[in-house]
Structures are given as structure tokens and as C-alpha cells.
Amino acid sequence: LPGACMLHGYVGFIFGGIKANPWWSTPLMPVIFLLSAAVSGIALLSILYQVVAKLNRRAIEGRTVAALARWLWFFLILTITLELLEIIMLAYEKSEAWHIISQLLTTRLEFSFITMQMVVGGLIPLILLGVVVLMDRYLHERLRNTLCIASSILLLIQVFSMRWNIVIGGQL
């Protein structure tokens, strides 16, 4: 975990420190990188836990899946909030850079940013995990595990899309 924090924090710091690129040069970039690393790590751990338990024919502990879902939901809320805050801040400032970035987000990066990162990888898992966390007592164990796996897969896609949009969007 400390190694992952150092790697993702450092990469975010490098991107955030490049003043020539307004898409990258925000003080939120290192924090967003760290939080998205936590999201992808917990999502992958959730998937691996359930797959390995099934392969070894062991029972999947409901409390473990529920705890992973709670932490995943928490970090997802923080990540989405900061990603949206970053865009809102750029839009509010209405600098010259915003005119370029807004066109990228509505044309060339529209599918990868709005559809894949925000809707498929952000909103849908947010709702699924919300159901798991808030309705845990009322869900059947199999449904809870399925919702957790589905949201984890979508979150891995979301983190990949976020990285894609940062690198490709910055280059565009």
C-alpha cells in the first residue's frame, strides 16, 4: 500500500506540476490519482477474493464482501466528487484553457469521458454499491456478491478510462 501511494501520488504530482498543460495542471491531480488507485485496488481485491474463494470451493464471507463494498463506495464517492470538482473549477474560471478542454470533452473525448468514465464507470457503480451498502440486510447473499462484482468490473473500466482521458486528453 505505501508503494502504491508513492507511485500513484508521484505520477499525479508530475501530471499536476506540468504547467504547460491545463488539463493536467491542477492541484487536485495527485489526490485524484491516489483516490482512483484506492478504488481500483479495492475493486480488484473484491473480484479476486470472490473468484479465489469460488475456485477453492470455500464459502464467501458476507461480512468481507460488505466491508469491501462499503470502502469501495466511500472511495468512489470521493473520487467522483473530486473529478467533478476539477471540471467545475475549470468551467467556473472560464480561462482560455477551458474553451479547449470543454470542446475536447464534448467532441473527441465525449465517449470515453462522459459515457465510459462518468456514466458506465461512475454513476452505475455508485448506484449498485449504494444498493449493496444501504440495503445490505435485505439483499440475498448471492445478489450482494453479484452486484459487488459487477460494480468492481465497471470501476476498473472507470479507472482505466480516467487514466486514458488524462493522458490522451492532455496530448490532444
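Residues numbered from 1 in each chain as written. Predicted model: local features only at pLDDT ≥ 70, side-chain atom pairs only at ≥ 80, totals over all residues. Heavy atoms only, no water.

Caption draft 1: Just helix H2 (residues 29–55), in detail. In this model H2 runs 38 Å from its N-terminal to its C-terminal C-alpha over 27 residues, within 8% of the 39 Å that 1.5 Å per residue would give. Where H2 ends, the next residue or the one after it, Arg57, has phi of about 55°, a positive value. (Helix = DSSP H or I, 4+ residues; strand = E, 2+ residues; numbered from the N terminus. Expected span 1.5 Å × (residues − 1).)

Caption draft 2: View of helix H4 (residues 96–106). For H4, the complete set of buried residues consists of Ala97, Trp98, Ile101, Ser102, Leu104 and Leu105. Along H4, the residues classed as buried sweep out an arc of 160° about the axis, all on the same side. Exposed positions of H4 whose direction lies more than 90 degrees from the buried face are Glu96, Ile100 and Gln103. Looking at the buried residues of H4, the elements they touch are helix H3 (62–93), helix H5 (110–134) and helix H6 (141–171). (Buried < 20%, exposed > 50% of the residue type's maximum accessible area, 1.4 Å probe, protein only. Arc of directions from axis to C-beta. Contact = heavy atoms within 4.5 Å.)

Caption draft 3: Structural detail: the nonpolar core. In terms of nonpolar packing, the biggest core is built from 28 residues, with Val39, Leu72, Leu129 and Leu155 touching the most fellow members. At the level of elements, H2, H3, H5 and H6 are the ones that each hand at least two residues to this core. A per-element tally of this core places H3 first, with nine residues. For Leu72, the residues in contact, after removing those within four places along its chain, are Val39, Ile42, Ala43, Leu129, Ser152 and Leu155. Residues Trp98, Ile101, Phe113 and Met118 belong to the second largest nonpolar core, which totals ten residues. (Core = buried A, V, L, I, M, F, W, Y, C linked by side-chain atoms within 4.5 Å.)

Caption draft 4: Local environment of unusual backbone geometry. Even without being a glycine, Arg57 presents a positive backbone phi close to 55°. Within the element layout of this structure, Arg57 appears in the loop between H2 and H3. For Arg57, a relative accessible area of 80% gives the class exposed. Of note in this structure, Lys94 is not a glycine but carries a positive phi near 50°. With respect to the element layout, Lys94 can be found in the loop between H3 and H4.

Caption draft 5: A look at the pattern of salt bridges. On inspection of all chains with the given rule, the structure shows one salt bridge. Note that Arg144 and Asp136 form a salt bridge whose closest N and O atoms lie 3.5 Å from each other. The class of Arg144 is buried, set by a relative accessible area of 7%. A relative accessible area of 24% places Asp136 in the partly exposed class. (Salt bridge = Lys/Arg side-chain N within 4 Å of Asp/Glu carboxyl O.)

Caption draft 6: The packing of aromatic side chains, seen in detail. Within this structure, the stated rule accounts for four aromatic pairs. Ring geometry for Trp71 and Phe74: centres 6.1 Å apart, planes at 90°, overall edge-to-face. Residue Trp71 and its partner Phe74 are located together in helix H3, separated by three residues, close to a single helical turn. Classification of Phe74 as partly exposed rests on a relative accessible area of 42%. Ring geometry for Phe160 and Trp164: centres 6.4 Å apart, planes at 35°, overall tilted. (Phe/Tyr/Trp six-rings, centres within 6.5 Å; stacked < 30°, edge-to-face > 60°.)

Caption draft 7: Fine view of the packing of H3 against H5. Two elements in contact, H3 and H5, have axes separated by 9 Å at closest approach and are oriented at 145°. Every pair of crossing elements has a handedness; the one defined by H3 and H5 is left-handed. Residues Ala69, Arg70, Leu72, Trp73, Leu76, Ile77, Ile80, Glu83, Leu84 and Ile87 of H3 lie in contact with H5, whose contacting residues are Phe113, Gln117, Met118, Gly122, Pro125, Leu126, Leu129, Gly130, Val132, Val133 and Leu134. Residue composition of the contact of H3 with H5, grouped by class: 16 nonpolar, three polar and two charged. (Axes fitted to C-alpha atoms, helices over the stretch in contact; angles between N-to-C directions. Left-handed = near helix turned anticlockwise from the far one by under 90°. Nonpolar A, V, L, I, M, F, W, Y, C, P; charged D, E, K, R; others polar.)

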